Amino acid sequence: VFESSEQAMYLYLDDTHKACNQKLAALLGYRTPQEWARVEEFTALVAERSVESLVTAYSNAMERMIGSTIEVTWKKKSGGTVDSTVILVPLAYNGHLFALHFLSPKT
């Protein structure tokens, strides 16, 4: 799905266990998904004004199995920002609960 999706997307378990597709890496100014995944603290990728809503949506997904659509401003590696709409859905695999995120940049 990561390679086939026309949307930027990422999968998140915690700050250590996360992955994204090339579209998201490029959107935020990273050469590869692996470079993006090496960012140690996930909130370093999110503009301060969006952290609370993203954390709340993630908590709802993990604790109540609720998907959501929210507005998120991301920090680019270069220091700029990208506004987006994010669809966040909970996903269980092998006993782990993840959040799958689809991003649509605002134009």
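Higher on the page you've got the structure.
Residues numbered from 1 in each chain as written. Predicted model: local features only at pLDDT ≥ 70, side-chain atom pairs only at ≥ 80, totals over all residues. Heavy atoms only, no water.

> Can you lay out the nonpolar core for me, pointing to particular residues and giving the numbers?
Of all hydrophobic cores here, the largest spans 25 residues; its most connected members are Tyr10, Leu24, Trp36, Phe42, Leu54 and Trp74. If you list the elements that add at least two residues to this core, you get strand E1 (8-12), helix H1 (22-27), helix H3 (48-64), strand E3 (68-75), strand E4 (81-93) and strand E5 (96-105). The dominant element in this core, judged by the number of residues it contributes, is H3, at four residues. Apart from the residues lying within four places of it in its own chain, the contact partners of Tyr10 are Phe2, Ala19, Cys20, Leu24, Trp36, Phe42, Leu54, Trp74, Ala99, Leu100, His101 and Leu103. (Core = buried A, V, L, I, M, F, W, Y, C linked by side-chain atoms within 4.5 Å. Buried < 20%, exposed > 50% of the residue type's maximum accessible area, 1.4 Å probe, protein only. Helix = DSSP H or I, 4+ residues; strand = E, 2+ residues; numbered from the N terminus. Contact = heavy atoms within 4.5 Å.)

> Can you lay out the environment of Tyr58 for me, pointing to particular residues and giving the numbers?
Relative to the helices and strands, Tyr58 resides in helix H3. As a C-alpha pair, Tyr58 and Tyr12 span 46 residues in sequence and 9.2 Å in three-dimensional space. Excluding residues within four positions of it along the chain, Tyr58 makes contact with Tyr12, Leu13, Leu88 and Ala99.

> A description of the packing of aromatic side chains should follow, citing residues and the corresponding values.
Tallying each qualifying case throughout the model produces seven aromatic pairs. Taking 5.7 Å as the distance between ring centres and 55° as the angle between the ring planes, the aromatic pair formed by Tyr10 and Trp36 counts as tilted. Residue Tyr10 is found in strand E1, and its partner Trp36 is found in helix H2 (residues 33-37); the two are separated by 26 residues along the sequence. The exposure class of Trp36 is buried, given its relative accessible area of 1%. When the centroid spacing of 6.2 Å and the interplanar angle of 85° are considered together, the rings of Trp36 and Phe42 count as edge-to-face. Members of the aromatic cluster, each reached through a chain of ring pairs, are Tyr10, Tyr12, Trp36, Phe42, Tyr58 and Trp74. (Phe/Tyr/Trp six-rings, centres within 6.5 Å; stacked < 30°, edge-to-face > 60°.)

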